[in-house]
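# Coordinate inspection notes
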There are 2 protein chains.
Amino acid sequence: MKQIVILGSTGSIGTSTLDIIAKFPDKFRAVGLTAGTNVEKLEEQIRTFSPAAVAMADDAAAERLRARCKGLKTTILSGTDGLRQVATAPDADLVISAIVGGAGLVPTLAAITAGKFIALANKEPMVMAGRLMQDEARKHGVRIFPVDSEHSALFQSMEGHRVEDILRLILTASGGPLWNLTKEELRRVTVEQALKHPNWKMGDKITIDSATLMNKGLEVVEAHWLFDIPASKIEVVVHRESIIHSLVEYQDRSVIAQLGLPDMRTPIAYAMNYPARVPLDLPSLNLAQIGTLTFFNPDHDRFPCLGFGYEALQVGGTMPAVLNAANEVAVQAFLDRRIGFLGIAETIRRTMDAHKPVEVSALEDALGADAWARAKAGEIVESLAAAAVR
Amino acid sequence: MKQIVILGSTGSIGTSTLDIIAKFPDKFRAVGLTAGTNVEKLEEQIRTFSPAAVAMADDAAAERLRARCKGLKTTILSGTDGLRQVATAPDADLVISAIVGGAGLVPTLAAITAGKFIALANKEPMVMAGRLMQDEARKHGVRIFPVDSEHSALFQSMEGHRVEDILRLILTASGGPLWNLTKEELRRVTVEQALKHPNWKMGDKITIDSATLMNKGLEVVEAHWLFDIPASKIEVVVHRESIIHSLVEYQDRSVIAQLGLPDMRTPIAYAMNYPARVPLDLPSLNLAQIGTLTFFNPDHDRFPCLGFGYEALQVGGTMPAVLNAANEVAVQAFLDRRIGFLGIAETIRRTMDAHKPVEVSALEDALGADAWARAKAGEIVESLAAAAVR
């Protein structure tokens, strides 16, 4: 019986994880859950799974939850300390890191430092402080299993093969909903258009990241830290159908790939049960029915955010944390209809240009850069929003 | 230093194997070679690689070779005994089984019984006597590494994953050069048309097998015996581009595949150097450049030979050996322009219908069925040829 903690249990990955736990009650038990502000859903999850403890990032939300869960045995905590406490619960074997954005860094790192194995769906901590995360993982004998479909694909395509034989990692990108628009059309894209992902049903933030290709830029950084492969050996190819989730090329030119219909339950379950697989009642891949798989190179001119990922990785230090923070601020401003779609890339570009990177030797360095970049990107968003009104 | 014997060194797989040996003289040494009748090529290989011993299946050819190789240190043997002697040479570590057709069975089985690891490119022995081959391999602690591109792909897609998690093997088929012809057009197909394989440059026999889809039928049988997976879990999908070489589906619906540009040196080198890979100077797979991969279901009406493979496996016993022998006779008759393209399937069908299968408990059972089927298929070919003349 594996004791599972889910950081971000009310999100898309969190609820899929709970689906799997519910399906295999003899294998997994949810002992800890955390959420940001979604009181109703967390209450429902408490009543279904009876975890020992939960935490809400928001204190007021935790208060409301306590009122609704009177008489239940679950301990309800709140704030950063509450999240950290759940993430490091003594009986937890595996922590599913599925908070959206940089907010996942502190509790995920706390879990690593407490020696918990990690199933990492939250790519931003690895982008912000990849070296630190991996150093801590090594120090505490922790394995970090990727949950992102692309990184799970890379991981599955490396199992049984030798790291020293790897020539290249090839990440596939769906290209998002806007791949065929001209730059002029991209300028006028609405939030609704950008949220229409062709293949994956995901949260808003990652769906916008998918539309800008920033998601792929962040994934390049994540792949670098997860697998210790230099950026020069990581490529991206657009694959509209999202059937081949990613590929690894070896020095004999053999390429191993992981494929499947887009469903996050497969990579989540693999990370939870590695190296065994559980039977999942999902439709089988039927290539003849799909008929055609297509591939083309990404267009860096229309989608500059992918290149920002490579650039941040090359600059190193705090630059990836700045990239990530600027992106989070810009995406939120776009979702709030304060800036246009192209304003996302512009905000990130200008924030990165203004940054003087330093090494990330401790968590504080990453958090400091994150705070600086959020403020800087906020200013840029203000000026873009003001210019748009004028 | 791995000591290599190549059974069938003058064929397509044999020469590719010698290419690899030449490229990695610190890793591999060719200690034994065998060929059928190609004296010139074997002489050249003797002069280049100085093997301790070679054998030619044909006694007269061996005589000619001896005359041309006077003064060289290589021992020249001949006939079945000669082949067996080279296949079981005491210093050999790995035997590359690359003879074309059922003729490979005796020397390959001899190598297994002598405890030699096998790199199996010659699928027919596994079709004729799969259970026997595997029983002997187990008894003598021998590993059989597949070299066929599809089976190497399956093997590579299983490495690092658990056999008990496998749901399905999916073999890809190029469909051969005739995939889009009507039945009426297939009736009039010439030898030249049938020999024009779209993706792979191979010997004549396997190229015709590819055109009839009999190659895929044989591969289904081979996959069954290599991986101990029932026929009901082995599927075939036509994939014109031959980029995905085959796939394995697991019970969590994750599919692992091996891809690459069609070049046999990759699977040969993997079998020779497993689990390590050697750097091969071949072009990288560029999916964006390829652009499109297509898939459709095979047409059992126009290409019945694929179904014969499943049927022979289901009937079991000597039936697969009969299928294989009838196919060899029919393909040769087609190459000799004695029967038409559709006559190949008809010869196999009628030979299988006439056969009363028995268990294969010993080599003699397989060889007996093989001899019976060759005679029977010969008769059928005669009657088809006579009917065509009339």
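None of these values were measured; they are calculated from a predicted model. (Residues numbered from 1 in each chain as written. Chains lettered and ligands numbered in written order. Predicted model: local features only at pLDDT ≥ 70, side-chain atom pairs only at ≥ 80, totals over all residues. Heavy atoms only, no water.)

### Some points on the overall build of chain A
- Each helix and strand counted, chain A has 17 helices and twelve strands in total.
- Computed over its C-alpha atoms, the radius of gyration of chain A comes to 20 Å, within 12% of the 21 Å expected for a compact globule of 390 residues.
- With the C-alpha coordinates aligned to their principal axes, the bounding extent of chain A is approximately 55 × 55 × 40 Å.
- Here chain A holds 390 residues, and the buried ones make up 62% of them.
- Counting contacts in chain A only where the partners sit at least 6 residues apart, residues at least 24 apart contribute 68% of the total.
- Surface exposure of chain A reaches about 14700 Å², of which carbon and sulfur atoms provide 51%.
- Within chain A, the 46 negative side-chain charges are centred at a point lying 2 Å from the centre of the 41 positive side-chain charges. (Helix = DSSP H or I, 4+ residues; strand = E, 2+ residues; numbered from the N terminus. Rg over C-alpha atoms; globule rule 2.2 N^0.38 Å. Buried < 20%, exposed > 50% of the residue type's maximum accessible area, 1.4 Å probe, protein only. Contact = heavy atoms within 4.5 Å. Areas by Shrake-Rupley, 256 points an atom, 1.4 Å probe, with all protein chains shown as cover. Lys, Arg positive; Asp, Glu negative; His and termini not counted. Charge placed at Lys NZ, Arg CZ, Asp CG, Glu CD.)

### A few points about the pattern of salt bridges
- Inspection of the entire model under this criterion finds 62 salt bridges over all chains.
- The closest approach of N and O atoms between Arg162 of chain A and Asp165 of chain A, which form a salt bridge, is 2.9 Å.
- By relative accessible area, which is 0% here, Asp165 of chain A ends up buried.
- Salt-bridge contacts for Asp299 of chain B lead to Arg302 of chain B; the nearest nitrogen and oxygen are separated by 2.9 Å.
- For Asp299 of chain B, a relative accessible area of 28% translates into the label partly exposed.
- With a relative accessible area of 19%, Arg302 of chain B lands in the buried category. (Salt bridge = Lys/Arg side-chain N within 4 Å of Asp/Glu carboxyl O.)

### Examining empty space enclosed by the protein
Residues and elements named next belong to chain B.
- Per the stated rule, a full pass over the model turns up one cavity of 30 Å³ or more.
- Space inside the largest cavity adds up to approximately 50 Å³.
- Residue lining of the largest cavity: Thr212, Arg302, Phe303, Pro304, Cys305, Phe341, Leu342 and Ala345, and that is the complete set.
- Take the lining of the largest cavity: its biggest share by element is three residues, from helix α16 (residues 341-354).
- Among the residues forming the lining of the largest cavity, the class breakdown is six nonpolar, one polar and one charged. (1 Å grid on protein atoms, 1.4 Å probe; cavity = no way out; pocket = protein on both sides within 12 Å on 5 of 7 lines; lining within 4 Å. Points joined across faces, edges and corners; volume = space filled by probe spheres on them. Nonpolar A, V, L, I, M, F, W, Y, C, P; charged D, E, K, R; others polar.)

### A closer look at the sheet that holds strand β8 (residues 166-173) of chain B
- Read across the sheet, eight strands follow the order β9(A)-β8(A)-β10(A)-β11(A)-β11(B)-β10(B)-β8(B)-β9(B) without closing on themselves; strand pairing throughout is mixed. Looking at which strands have only one partner, the edges of the open sheet turn out to be β9 (234-238) of chain A together with β9 (234-238) of chain B. Each neighbouring strand pair of the sheet contributes to a mean axis angle of 20°, computed without reference to strand direction.
- In terms of strand pairing, strand β8 (residues 166-173) of chain A meets strand β10 (residues 244-250) of chain A through five bridges, oriented antiparallel. (Pairing = 2+ DSSP bridges. Axes fitted to C-alpha atoms, helices over the stretch in contact; angles between N-to-C directions.)

### A word on the interface of chain A and chain B
- Listed per partner, the contact involves 43 residues of chain A and 43 residues of chain B.
- Across the interface of chain A and chain B, roughly 3800 Å² is buried in total on both sides, 52% from carbon and sulfur atoms.
- Ranking the residues of chain A by area buried against chain B places Asp252, Arg253 and Arg277 of chain A at the top, with a combined share of 19%.
- Linking Arg277 of chain B and Asp252 of chain A is a salt bridge whose minimum nitrogen-to-oxygen distance equals 2.8 Å.
- For the pair chain A and chain B, the number of links is 36 residue pairs in polar contact (both at pLDDT 80 or more).
- Every element with two or more residues in the side of chain A that touches chain B is listed here: β10, β11 (255-259), α12 (265-273), α13 (287-290) and β12 (292-294) of chain A.
- With five residues, the top contributor of residues to the side of chain A that touches chain B is β11 of chain A.
- Looking at the side of chain A that touches chain B residue by residue, the class counts come to 22 nonpolar, 13 polar and eight charged. (Buried area = accessible area lost by both parts, 1.4 Å probe. Polar contact = N/O pair within 3.5 Å; in protein donor to acceptor, adjacent residues only side chain to side chain.)

### Side note on the relation of the copies chain A and chain B
- Overlaying chain A on chain B yields an RMSD of 0.0 Å, the required transformation being a rotation through 180° with an accompanying axial translation of 0.0 Å. Seen this way, the second copy is the image of the first under a two-fold rotation axis. Across chain A, the smallest distance between a C-alpha and the rotation axis is recorded for Gly160 of chain A, namely 1.8 Å. (Least-squares fit on C-alpha atoms with pLDDT ≥ 70 in both.)

### Regarding the sheet that holds strand β7 (residues 144-146) of chain A
Residues and elements named next belong to chain A.
- A sheet is described by the order of its strands in space; here seven strands give the open sequence β4-β3-β2-β1-β5-β6-β7, paired in parallel fashion. Only two strands of the sheet have a single neighbouring strand rather than two, namely β4 (75-78) and β7. Strand-to-strand twist of the sheet, defined as the mean angle between neighbouring strand axes without regard to direction, takes the value 20°.
- Judged from the three bridges that link them, strand β6 (residues 117-120) and β7 form a sheet pairing that is parallel. Across the sheet, Ala119 pairs through a bridge with Phe145, a residue of β7.
- Across the sheet, helix α3 (residues 59-68) lies against β3 (53-56) and β4, angled at about 165° from β4, the strand it touches most.

### As for the environment of Asp353 of chain A
- As for its position among the elements, Asp353 of chain A is in helix α16 (residues 341-354).
- Taking C-alpha positions, Asp353 of chain A is 44 Å from Gln45 of chain A, a pair spaced 308 residues apart along the chain.

### Re the pairing of strand β2 (residues 28-35) of chain A
All names here are of chain A.
- Of all eight residues in β2, seven are buried; the element is thus mostly enclosed.
- Pairing geometry for strand β1 (residues 2-7) and β2, over six bridges, is parallel. Paired with Leu7 across the two strands is Thr34, which belongs to β2.
- In terms of handedness, the path from β1 via helix α1 (residues 12-23) over to β2 forms a crossover that is right-handed.
- Examined bridge by bridge, β2 and β3 share four bridges and lie parallel to one another. Note on β3: the bridge partner recorded for Gly32 is Ala53. (Right-handed = clockwise from strand over helix to strand, strands pointing away.)

### Describing the nonpolar core
- Core analysis: the largest hydrophobic core is formed by 266 residues, its most contacted members being Leu169 and Phe341 of chain A together with Leu169 and Phe341 of chain B.
- Excluding residues that lie within four positions of it along the chain, Leu169 of chain A makes contacts with Leu154, Met158, Ala223, Phe227, Ile229, Lys233, Ile234, Glu235, Leu247 and Val248 of chain A.
- Phe295 of chain A together with Ile244, Leu247 and Leu285 of chain B belong to the second-largest nonpolar core, a separate cluster that totals 26 residues. (Core = buried A, V, L, I, M, F, W, Y, C linked by side-chain atoms within 4.5 Å.)

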